[in-house]
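Geometric and topological summary
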Amino acid sequence: MRDSPHMIQAVKGTRDILPEEVGRWHFVEEKARRVFRRYGFREIRTPVFESTDLFARGIGEGTDLVLKEMYTFTDRGDRSLTLRPENTAPVVRAAVENGLFRHGSNRLYYIGPMFRYERPQKGRMRQFHQIGVEAFEPNEPSVDAEIIEMSVAFLTELGITATDLVINSAGCNLPHCRQAYRGLIQEALASHVEELCPDCRRRLRENPLRILDCKAGCRRFLNELPTLLERQGPECRDHFNETRRHLDLLEVQYRVDPQLVRGLDYYVQTTFEITGKSLGAQNALLGGGRYDGLVEALGGPPLGGFGFASGLERLILSLPPGVGEPGPGPDLYIATLGRAADEHAMLIARELRKRGLWVEWDPDPERSLKAKSRRAGQRQARYILFLGEDEIRRGVLTLKRMDGGVQTEIDASDLNRLTREVGDA
Ligand code: AMP
């Protein structure tokens, strides 16, 4: 099969989630729903594609994400559409469009696939899945601290404890804050323009702060520069100090890392990231921060925003062993012989399924009773019910526990008894 020239394979950077691993996905998704609900978050589901404009405006035209990583295409109606590379801008769009801000604050979460044209490696895919939250609330440091605390609680509930939390402040758009810092970067690099990578030469003109994020190493020219954390205005400094005080109050362990840069332009003030110690190079488990201004920029009220997103693939790679393993198999497997037995099995199966039991049977006329009971073992059924020629003739059913228990004969019409026996595991 593998070498057949006709076989079509999954697209590079995508993968299938197979039945034996899906239990781990359910485990993470259910934990997320449960933890987030305790903090007042409600789920929202938005489309996987949006107008390209939304991301260009929302994330920032000069970011790598928008310039290099989007799956953008023109549809048959000549619209420019993009598969969502992240979900904060879509959630804001949906909340504004559907009037969710009528009553002010909102706490929303989402779970779903995202798409980025990146170089695939372990923990980095082109289609990957994120669980994320967005708290649309007035700018209060207690919000930053509470959502960070929730992200830690979420990981703890998943059993992922070998982690590092770092926080930083991205400053704000006031002239004496980030803008002044942009000027400092431009000054510091004025004599190094020729040595910068082509991307950073453009960044120097359009978006100098993104040079801090350069993967080609241009940041080395800025080593002498004071950090943005040291140079931000008093409003941002106060906000950061208050956020830290609240984190201490909530007993959250963290480290301040003035070098932490997030890849999207909309962040202001607090940013944070949690890395996992058991992951390889792609060790970011979860990241986010404050994005005041985005709601207004997308047509909503002047509400602040604070959120994070976490990669499901990386969470699943970090789970302790044994979590979300597939459970036991069916409650009952019916092994039949002959057409009459098949029809009877079908009716029994329907009746027991109605009563909530997991029942399987196999109508293959080529298989012997013996082969079918082997199959019951492979499926890890708890009980097997024999329905051969002898049983049909005598109007009975033979029930046997798969773990070596005794056989019981049950009147073929006594489904209540059958349900009781199988149901009382
Ligand atoms: P970001 O939206 O870039 O802040 O990413 C948030 C989280 O999503 C990261 O911490 C990762 O866990 C996950 N993530 C981002 N990009 C990818 C990717 N290409 N493949 C898998 N997970 C990703």
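Above this text is the structure in question.
For the structure given in this document, a descriptive report is provided here.

Some details on the nonpolar core
In summary, soluble globular proteins display a tendency toward joint burial of nonpolar side chains. Within the largest apolar cluster, 40 residues are counted, with the highest numbers of intra-cluster contacts made by Val28, Phe36, Phe41, Phe154 and Leu155. The dominant element in this core, judged by the number of residues it contributes, is helix 5 (residues 141–158), at 8 residues. Leaving out residues up to four positions away in the same chain, phenylalanine 41 has contacts with Phe36, Arg107, Leu108, Tyr109, Val133, Glu134, Ala135, Ile147 and Met150. Among the nonpolar cores identified, the runner-up in size contains 28 residues, and Leu54, Phe55, Ala94 and Leu264 belong to it.

So, a nonpolar patch on the surface
A contiguous nonpolar patch, built from Val48, Phe49 and Phe73 and spanning about 240 Å² of accessible area, is present on the exposed surface. Residue placement: phenylalanine 49 occurs in strand 2 (residues 49–51).

Here's the deal with the packing of aromatic side chains
Going through the model one piece at a time under the given rule, you end up with 12 aromatic pairs. Ring centres of phenylalanine 36 and tyrosine 109 lie 5.5 Å apart, and the angle between their planes is 65°; this geometry places the pair in the edge-to-face category. Of the two residues, phenylalanine 36 is situated in helix 1 (residues 22–38) and tyrosine 109 in strand 5 (residues 106–115); the sequence distance between them amounts to 73 residues. Ring centres of phenylalanine 36 and phenylalanine 308 lie 6.3 Å apart, and the angle between their planes is 75°; on these two criteria the pair is classed as edge-to-face. Pair noted here: phenylalanine 36 is in helix 1 and phenylalanine 308 is in strand 11 (residues 306–311), with a separation of 272 residues, a long-range link. Across the pair, exposure class does not vary: phenylalanine 36 and phenylalanine 308 are buried alike. Three or more aromatic residues joined by ring pairs make a cluster, and in this case those are Phe36, Phe41, Tyr109, Phe154, Phe272, Phe306 and Phe308. One Lys or Arg, arginine 126, reaches over the ring of tyrosine 117 and ends 4.0 Å from the middle of that ring.

Things to note about the environment of alanine 188
Take alanine 188: it is sitting in helix 6 (residues 175–189). Residue class for alanine 188 comes out partly exposed when judged on its relative accessible area of 24%. As for alanine 188 and arginine 245, which are separated by 57 residues in sequence, their C-alpha atoms are 34 Å apart. Leave out the neighbours within four places in its chain, and alanine 188 touches Leu222 and Leu225.

Focus: the sheet that holds strand 3 (residues 71–74)
As summarised here, the arrangement of the 3 strands in space is 2-4-3, forming an open sheet in which the pairing is antiparallel. Looking at which strands have only one partner, the edges of the open sheet turn out to be strand 2 and strand 3. Strand-to-strand twist of the sheet, defined as the mean angle between neighbouring strand axes without regard to direction, takes the value 35°. Where strand 2 lies against strand 4 (residues 80–83), 3 bridges are found, and the strand directions are antiparallel. Looking at the pairing, phenylalanine 49 lines up with leucine 83 of strand 4. Sheet contacts for helix 2 (residues 52–59): strand 2, strand 3 and strand 4; angle to strand 2, the most-contacted strand, approximately 75°.

About the cut-offs
Residues numbered from 1 in each chain as written. Predicted model: local features only at pLDDT ≥ 70, side-chain atom pairs only at ≥ 80, totals over all residues. Heavy atoms only, no water. Core = buried A, V, L, I, M, F, W, Y, C linked by side-chain atoms within 4.5 Å. Buried < 20%, exposed > 50% of the residue type's maximum accessible area, 1.4 Å probe, protein only. Helix = DSSP H or I, 4+ residues; strand = E, 2+ residues; numbered from the N terminus. Contact = heavy atoms within 4.5 Å. Patch = residues over 30% accessible without salt bridge, like charges linked within 9 Å, V, L, I, M, F, W, Y side chains within 5 Å. Areas by Shrake-Rupley, 256 points an atom, 1.4 Å probe, with all protein chains shown as cover. Salt bridge = Lys/Arg side-chain N within 4 Å of Asp/Glu carboxyl O. Phe/Tyr/Trp six-rings, centres within 6.5 Å; stacked < 30°, edge-to-face > 60°. Lys NZ or Arg CZ within 6 Å of the ring centre and 35° of its normal. Pairing = 2+ DSSP bridges. Axes fitted to C-alpha atoms, helices over the stretch in contact; angles between N-to-C directions.

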